[in-house]
Amino acid sequence: MRIAHTVSLCLVVVVVTATPLSAQLVQRKQDFSRDPGWDHFQNRIVGTEMPLVVQDFGWRETNFTGSGPGEIGGRVENSRRQAYYAIPLGKPLSFDDHLSASGKLTIKHIGLRGVGYIGFFNSQRHTWRVWSSMAFRIWEEDNLGQIMFDWMSSDWQARGAETAILLAADGKVHTWSFEYDPDAKDDPVWRDEALKKLITSETGNGRPYELQGEEHLLTRLKALEPDVTAKQLRERLLKLRDQGLVEYFHRHNQHRWWKRPEAGQGHGRITLTFDDETPYVIWFDETIRQAPVSFDRFGLFNIARFGQHMELYLGDLTINGEKIELSQDPHWEGHNNESKSVEPNFHGMHSYGWSQTHWAGQKPGEIGGLFWRTEPHDPLFSYYADDVGELTLDDPISFSGTICFADGMTDAAAYFGYFNRDDHMTEFERDDPEADKLRTNRLGFYIADRTAVGYNLKPTVSTTDGQRAEADCGVFTPDRKQHRFTFDYDPHANEGVGRITVSLDGVRQTFDLTPRMRKAGAKLNRFGLANIRSGGHSVEFYLDDLNYTARRSRAVKFIPQTRVQVPYPHEQAGRRY
């Protein structure tokens, strides 16, 4: 379905250009001191039937962990609203410090997508993944609590490990501990030549399981060593993991192994143990080991995702070698941990457009807000943009302005620049191969998450048939500072094929179109903001003081901002698609 909209015009500076189309090119300036009345679709969603979030955790006189009366725990619920019960650390800690914690844990309830986090964190931001933290999470997976361990620096570099530890919500008491040794170094010398040959270097759980799966690895090893057993293979893999040569990943009963790309650069080691089982050894790479981080709390906390609640309890706690007395109220710091509130958001509930804020400018008035990545078949796609007439790759096109990146989650992205409205409005079925059309007819910037480094600001151009060229302005994190950007497309440069020159805070770079791309061309009819139609999470950013190319052949009218009401997806615990 395609839905037509019209748009408004504020201030225009006309520049006459030679162009094959009838209308002239103009360079528009917009300071957003007033609502520009731009074209829009589902960019402001108002949730209805929003759930009541009940946080009810902290110190309790109960004894569910069997450690004697007095423990930490209760009902923890995911929410965009931060909640924690934690001990302030006084002196902030970092990846240079030796860190440890241990205790007992019991789980009494796990709801769909329920999560509880235990460990070191920074109380100043509430995100996913958890900014400036080192902690393990209990994460609902197939009605069980899967244990995962995560760490993230204050410059948004994130790492994590998914274990095969699966806990039932049956009230059973589990012992746990983790220790971080900042001085540990890996051993990069391979002593198992057979596994060195057979273990893949392809990393990430998105690769074919036949490459990484432990049972498939056993089949290949038996071709070399017919008498080897599954138990013997596991023992050899664990030795390689502890040495820092391979990584392990578990999800949905799949046991994956791959070579660590940073082998020989391991610096810093986490040892995680549950119930006296074989410990999990997880290595830092040198890059994140040297990254800035500041932990100012240790405790129990929620995350900025959606899901149902979890009920858990912690007892017999020791933090950094110090036994925590829980027989009486320790008077830790509580933040929204005993509260009731209406959930303010759900997955796909965009909230961006014009507003009288000034994150990106000196005066009130700008565009931007909260953007969600949505699946291609999710009907909650959106945009907010000016109708700029029809532009092509035969036109000189430029835009510039100021951007402020305010916040972000892992696996998140958004787009600003030129795009084709009809392409963005195309509806798809689940797993529709034609969804690649969403990558066509673009000329602008992506804010793109890359978990290992944070985010990148990536200039891009894509043609009508989906060919793409892009560059990278480098790591671009939610520092809440104002940054100046420029984007210039010159159709006459690169021997008439076309060249793009971009800058961020004065640092320039160029990249070229190919002759095939120029021949394919692009049709662009909107300039502004659009969500990314590929499943993921959210970012928040703002733009101001924009200067951009448009083609005008008719007057346009002002379109008032509208809001779309969408009910909260209760059955899917906040995320329908």
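For the structure, check the block above.
In short, a report on the structure. Since the structure is predicted, the reported quantities are computational estimates derived from the model, not experimental observations. (Residues numbered from 1 in each chain as written. Predicted model: local features only at pLDDT ≥ 70, side-chain atom pairs only at ≥ 80, totals over all residues. Heavy atoms only, no water.)

### Some points on the overall build of the chain
Consideration 1: A tally of regular secondary structure across the chain gives eight helices and 36 strands.
Consideration 2: Relative to its length of 577 residues, the chain is compact, with a C-alpha radius of gyration of 26 Å against a globular reference of 25 Å.
Consideration 3: Across its three principal axes, the chain shows a C-alpha extent of roughly 80 × 60 × 45 Å.
Consideration 4: Going through the 577 residues of the chain one by one, you find that 58% of them count as buried. (Helix = DSSP H or I, 4+ residues; strand = E, 2+ residues; numbered from the N terminus. Rg over C-alpha atoms; globule rule 2.2 N^0.38 Å. Buried < 20%, exposed > 50% of the residue type's maximum accessible area, 1.4 Å probe, protein only.)

### What about the pairing of strand S26 (residues 397-408)?
Consideration 1: For S26, the tally of buried residues reaches twelve of twelve residues, placing the bulk of the element in the interior.
Consideration 2: Across eight bridges, S26 lies against strand S31 (residues 482-490) in antiparallel orientation. When the sheet's bridge partners are listed, Ile403 is paired in S31 with His483.
Consideration 3: Sheet topology note: the S26/strand S35 (residues 538-552) ladder contains eight bridges and is antiparallel. Looking at the pairing, Ile403 lines up with Leu543 of S35. (Pairing = 2+ DSSP bridges.)

### Some remarks on the layout of surface pockets
Consideration 1: Roughly 500 Å³ of internal volume is contained in the second largest pocket.
Consideration 2: In this structure, the second largest pocket is lined by 22 residues; those nearest its centre are Arg439, Tyr446, Arg468, Ile532 and Ser534.
Consideration 3: Looking at the lining of the second largest pocket, the elements that each hand over two or more residues are strand S28 (442-450), strand S29 (454-462) and strand S30 (468-470).
Consideration 4: The element best represented in the lining of the second largest pocket is S28, accounting for five residues.
Consideration 5: A class-by-class count of the residues in the lining of the second largest pocket yields eight nonpolar, three polar and eleven charged. (1 Å grid on protein atoms, 1.4 Å probe; cavity = no way out; pocket = protein on both sides within 12 Å on 5 of 7 lines; lining within 4 Å. Points joined across faces, edges and corners; volume = space filled by probe spheres on them. Nonpolar A, V, L, I, M, F, W, Y, C, P; charged D, E, K, R; others polar.)

### What to know about the nonpolar core
Consideration 1: Formed by 65 residues in total, the largest nonpolar core has its most connected members in Phe416, Tyr418 and Phe541.
Consideration 2: Counting 64 residues, the second-largest nonpolar core is a separate cluster that includes Leu93, Leu218, Ile288 and Leu312. (Core = buried A, V, L, I, M, F, W, Y, C linked by side-chain atoms within 4.5 Å.)

### A few points about the sheet that holds S29
Consideration 1: Taken in spatial order, the seven strands line up as S3-S25-S34-S27-S28-S29-S30 in an open sheet, and their pairing is antiparallel. Each having just a single partner strand, strand S3 (39-41) and S30 make up the two edges of the open sheet. Each strand of the sheet is rotated relative to its neighbour by a mean of 30°, with strand direction disregarded.
Consideration 2: In this structure, strand S25 (residues 383-392) lies alongside strand S34 (residues 523-530), joined through seven bridges in antiparallel fashion. In the sheet register, Leu391 faces S34, and the bridge partner there is Leu524. (Axes fitted to C-alpha atoms, helices over the stretch in contact; angles between N-to-C directions.)

### Thoughts on helix H3 (residues 214-224)
Consideration 1: All of the buried residues along H3 are Glu214, Leu217, Leu218 and Leu221. Projection of H3 onto a plane perpendicular to its axis shows the buried side chains occupying an angular sector of 105°, all on one side. Facing away from the buried surface of H3 by more than 90 degrees, the exposed residues are Thr219 and Ala223.
Consideration 2: At its buried positions, H3 is contacted by helix H1 (193-198), helix H2 (209-212), helix H4 (230-243) and strand S15 (254-259). (Arc of directions from axis to C-beta. Contact = heavy atoms within 4.5 Å.)

### Looking at unusual backbone geometry
Consideration 1: For the bond running from Trp128 to Arg129, omega is -5°, close enough to zero to count as cis.
Consideration 2: Locating Arg129 in the fold gives a position in the loop between strand S9 (115-121) and strand S10 (133-141).
Consideration 3: The backbone of Asp275 shows a phi angle near 55°, a positive value even though the residue is not glycine.
Consideration 4: Counting through the fold element by element, Asp275 comes out in the loop between strand S16 (266-274) and strand S17 (280-285).

### A short note on the packing of aromatic side chains
Within a pair of aromatic rings, the relevant descriptors are the distance that separates the centres and the angle that separates the planes.
Consideration 1: Under the defined criterion, the tally for this structure stands at 50 aromatic pairs.
Consideration 2: Ring centres of Phe120 and Phe295 lie 6.1 Å apart, and the angle between their planes is 40°; on these two criteria the pair is classed as tilted. Within this pair, whereas Phe120 is found in strand S9, its partner Phe295 is found in strand S18 (residues 295-301), the two being separated by 175 residues in sequence. For the pair shown, Phe120 and Phe295 are each scored as buried.
Consideration 3: Geometry around Trp139 places Arg137 over its ring, the cationic atom sitting 4.5 Å from the centre. (Phe/Tyr/Trp six-rings, centres within 6.5 Å; stacked < 30°, edge-to-face > 60°. Lys NZ or Arg CZ within 6 Å of the ring centre and 35° of its normal.)

### Focus on the side chain of Ser339
Consideration 1: Counting through the fold element by element, Ser339 comes out in strand S22 (residues 338-342).
Consideration 2: For Ser339, a relative accessible area of 14% corresponds to the buried category.
Consideration 3: A polar side-chain atom of Ser339 sits 3.3 Å from a polar atom in the side chain of Arg81.
Consideration 4: Setting aside residues no more than four positions away along its own chain, Ser339 makes contact with Val53, Val54, Gln55 and Arg81. (Polar contact = N/O pair within 3.5 Å; in protein donor to acceptor, adjacent residues only side chain to side chain.)

### Regarding the environment of Ser400
Consideration 1: One can find Ser400 in strand S26.
Consideration 2: By relative accessible area, which is 15% here, Ser400 ends up buried.
Consideration 3: Spatially, the C-alpha atoms of Ser400 and Gly37 are 20 Å apart, while their sequence positions differ by 363 residues.
Consideration 4: When neighbours within four sequence positions are excluded, Ser400 is seen to be in contact with Arg484, Phe485, Thr486, Asp545, Leu546 and Asn547.

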